[in-house]
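# Topology and contacts: notes
These are the residues of each chain, in order.
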Amino acid sequence: MPDVVVVGAGVLGASIALEMQRSGRSVTVVDKGVAVGGGSTGSSSAVVRYNFSTLAGVISAWESAHRWWSWADHLDVPEGIGPLATFHRRPMLFLEPAGFDRAHMVGLLEDVGVEWEVLDREVLARRFPQLDTRTFFPPCRPDEARFFDDPGELLDCVVTPDAGFIDDPQLAAANLMDAALLHGSVLRLRTRVVGLATVGGRLAGVRLADGSTISAPVVVNAAGPWSSELNRLAGVTAEMAVPTRPLRQEVHVVPSPDGFSMDDGGVMVADMDLGYYSRPQPGGTLLVGGVEPDCDPLEWLEDPDEASPTPTVECFEAQVWRLARRLPDLAVPHRPTGLAGVYDVTPDWLPIYDRSSLDGFYLAIGTSGNQFKNAPLIGQMMLDLVDACEAGHDHDADPVTTDCHHIGRTLNLGTFSRLRTGVVTSGTVLG
Ligand SMILES: Cc1cc2nc3c(=O)[nH]c(=O)nc-3n(C[C@H](O)[C@H](O)[C@H](O)COP(=O)(O)OP(=O)(O)OC[C@H]3O[C@@H](n4cnc5c(N)ncnc54)[C@H](O)[C@@H]3O)c2cc1C
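If you're wondering where the values come from, they're calculated on a predicted model, not measured in any experiment. (Residues numbered from 1 in each chain as written. Predicted model: local features only at pLDDT ≥ 70, side-chain atom pairs only at ≥ 80, totals over all residues. Heavy atoms only, no water.)

### Notes on the sheet that holds strand E10 (residues 193–199)
Read across the sheet, three strands follow the order E10-E11-E12 without closing on themselves; strand pairing throughout is antiparallel. Of all strands in the sheet, those bounded by a partner on one side alone are E10 and strand E12 (213–215). Strand-to-strand twist in this sheet, taken as the mean axis angle between neighbours without regard to direction, amounts to 30 degrees. When strand E11 (residues 202–208) meets E12, the two strands line up antiparallel, connected through three bridges. Across the sheet, the residue bridging to Gly205 is Ser215, located in E12. (Pairing = 2+ DSSP bridges. Helix = DSSP H or I, 4+ residues; strand = E, 2+ residues; numbered from the N terminus. Axes fitted to C-alpha atoms, helices over the stretch in contact; angles between N-to-C directions.)

### Description of the domain arrangement of the protein
When its domains are assigned, the protein resolves into domain 1 (4–84 + 168–244 + 348–416) and domain 2 (91–162 + 246–343). Using C-alpha coordinates to define each centre, domain 1 is positioned 29 Å away from domain 2. On the domain 2 side, the residues contacting the 24 residues of domain 1 number 27 residues. Summing the contributions of domain 1 and of domain 2, the shared interface buries around 2200 Å²; its carbon and sulfur component is 66%. Among the residues of domain 1 in contact with domain 2, Ser45, Asn51 and Trp349 are the three that bury the most area, contributing 25% of the side total. (Domains from an automatic or database assignment. Contact = heavy atoms within 4.5 Å. Buried area = accessible area lost by both parts, 1.4 Å probe.)

### Some details on the site of the ligand
In the vicinity of the ligand there are 37 residues, among which Asp31, Ser40, Thr41, Thr367 and Lys373 approach most closely. Taking Ser45, its main chain carries an N or O atom lying 3.1 Å from a nitrogen atom of the ligand. Residue Val47 places a main-chain N or O atom 2.9 Å away from an oxygen atom belonging to the ligand. Here the shell around the ligand is composed, by residue class, of 16 nonpolar, 17 polar and four charged. Structurally, the shell around the ligand is a two-domain feature, drawing no fewer than three residues from each of domain 1 (4–84 + 168–244 + 348–416) and domain 2 (91–162 + 246–343). (Near = heavy atom within 4 Å. Polar contact = N/O pair within 3.5 Å; in protein donor to acceptor, adjacent residues only side chain to side chain. Nonpolar A, V, L, I, M, F, W, Y, C, P; charged D, E, K, R; others polar.)

### As for the packing of aromatic side chains
Aromatic rings considered in pairs are described by the distance between their centres and by the relative angle of their planes. Tallied over the full model, the rule gives nine aromatic pairs. Between Trp62 and Trp69, the aromatic rings sit 5.5 Å apart at their centres with planes inclined by 90 degrees, giving edge-to-face as the arrangement. Given a relative accessible area of 8%, Trp62 falls into the buried group. Residue Trp69 is classed as partly exposed on the basis of its relative accessible area, which comes to 29%. Measuring from centroid to centroid gives 4.9 Å for Phe147 and Phe148, while their planes differ by 70 degrees, and the two rings are edge-to-face. What makes Phe147 buried here is its relative accessible area of 5%. Through a chain of ring-to-ring contacts, three or more aromatic side chains come together here, namely Tyr50, Trp62, Trp69 and Phe87. Above the ring of Trp226, the side-chain terminus of Lys32 is found at 3.7 Å from the ring centroid. One Lys or Arg, Arg279, reaches over the ring of Phe165 and ends 3.9 Å from the middle of that ring. (Phe/Tyr/Trp six-rings, centres within 6.5 Å; stacked < 30°, edge-to-face > 60°. Buried < 20%, exposed > 50% of the residue type's maximum accessible area, 1.4 Å probe, protein only. Lys NZ or Arg CZ within 6 Å of the ring centre and 35° of its normal.)

### Things to note about the sheet that holds strand E8 (residues 164–166)
Taken in spatial order, the three strands line up as E3-E8-E4 in an open sheet, and their pairing is antiparallel. Of all strands in the sheet, those bounded by a partner on one side alone are strand E3 (47–48) and strand E4 (87–89). Where E4 meets E8, three bridges bridge the pair, whose relative direction is antiparallel. The partner of Arg89 across the bridge, within E8, is Gly164. Helix H3 (residues 55–69) rests against E3, E4 and E8 of the sheet, and its axis sits at about 110 degrees to E4.

### Topic: a negative patch on the surface
On the surface, Asp258, Asp263, Asp264 and Asp329 cluster together into a negatively charged patch. By the element assignment, Asp329 lies in the loop between helix H9 (313–326) and strand E19 (338–345). (Patch = residues over 30% accessible without salt bridge, like charges linked within 9 Å, V, L, I, M, F, W, Y side chains within 5 Å. Areas by Shrake-Rupley, 256 points an atom, 1.4 Å probe, with all protein chains shown as cover. Salt bridge = Lys/Arg side-chain N within 4 Å of Asp/Glu carboxyl O. Lys, Arg positive; Asp, Glu negative; His and termini not counted. Charge placed at Lys NZ, Arg CZ, Asp CG, Glu CD.)

### Here's the deal with the pairing of strand E17 (residues 285–290)
Here E17 lies mainly inside the structure; six of its six residues are buried. What you see with E17 is no split at all: Thr285, Leu287 and Gly289 on one side and Leu286, Val288 and Gly290 on the other are buried throughout. Inspection of the sheet shows strand E14 (residues 245–255) paired to E17 by four bridges, in the antiparallel sense. Across the sheet, residue Val253 finds its bridge partner in E17, namely Leu287. Here strand E16 (residues 276–281) hands over to E17 after three residues, with Gly283 in that stretch at a positive phi of 100 degrees.

Listed below in structure tokens is the structure:
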């Protein structure tokens, strides 16, 4: 019998398995899919940035970045094992929407020690001549007449030079899982959890679709967009002050204009003025996704398996034409190119890393489109939480903390409680 069952072999489940196994617990990971990282993780844009609206968000992203930068050391696997995912350092330009509270954002960056710089309007326009750096605010849909109005004043921007992206998110999950397997974890793909086993009110394992049971005293829900269904099976839904819902999201791929590709030093852009984000990728293309401007409908799903994987013309035009307003040399493809993925979202767009009222059942869910970047730390956070709670600590009353040794900070996991109320955040994928 394993000490821990992790449900979900995405980047979070793999990271949790690695840290639990390294700490001496035996781990079995089960996933209903056919490959590691085949859920949200495989569709991730894998952007690593630091501008979150909570201190805990900035600390976890900055600590995780240090782990991405030393990925082979973090995995601690013998040299020569498989290809490893790579972090590509790319400055992130944060183009501010009208009325944005810059002082709050840069105050958190400053507190944690993340380098940042304001590029005032003249500097921004001079340094990035490919960009039209005037304001188009507020974001609107391309079928509104206003979409093609002349832009207004020039924008200022905050740049974080140490941001970047992981070139292959599914490979990153596979790296973590391979490391966990080397330490002795067991992986069972094509294995669907359909229920939780309990004995005397305490969790005792998972029930599988083939009718068998894996007994274990600890189960971690890392089921991504399917996590609320697992919570329902565990009977812990009613206690959640913070519910989660699956949301379909599209990311499009377009050719990079000259001067804006990876090879030309192309930067990443979080464009809150127009309502999209973009990043270059190897091969001369750009990814473009959305940041939930008020004018865009959100595609909530009852069942993540209902999501169409095919990009739609409407979403493609909204996101890519916004990018084309900012990058006038962009050649817009004639038909939608890209992918659609699903992630589970909380009302405040912060994740949930927590215990539950079912002793032994833990939650690493509600990743709200922004937690790929934090995967290297989340394994340790869940290990610290499980260690403390299984030893009888009352995390709900006295939150567990995690040591972020690369940056010399301590992370209070209470920020990610399922019981939190009233946390003020961006209310978008920015977290
Ligand atoms: C389009 C898109 C863009 C994104 N961009 C970014 C970004 O730029 N930066 C960033 O930081 N984050 C980003 N994210 C978010 C990030 O990718 C996710 O937060 C992260 O990948 C979640 O990983 P996970 O392991 O929790 O979930 P998943 O990768 O979804 O893994 C969950 C796994 O659980 C399995 N499972 C579910 N239910 C069961 C069951 N009952 N039995 C067995 N197995 C089960 C599934 O098969 C799945 O493999 C993006 C996400 C999407 C979809």
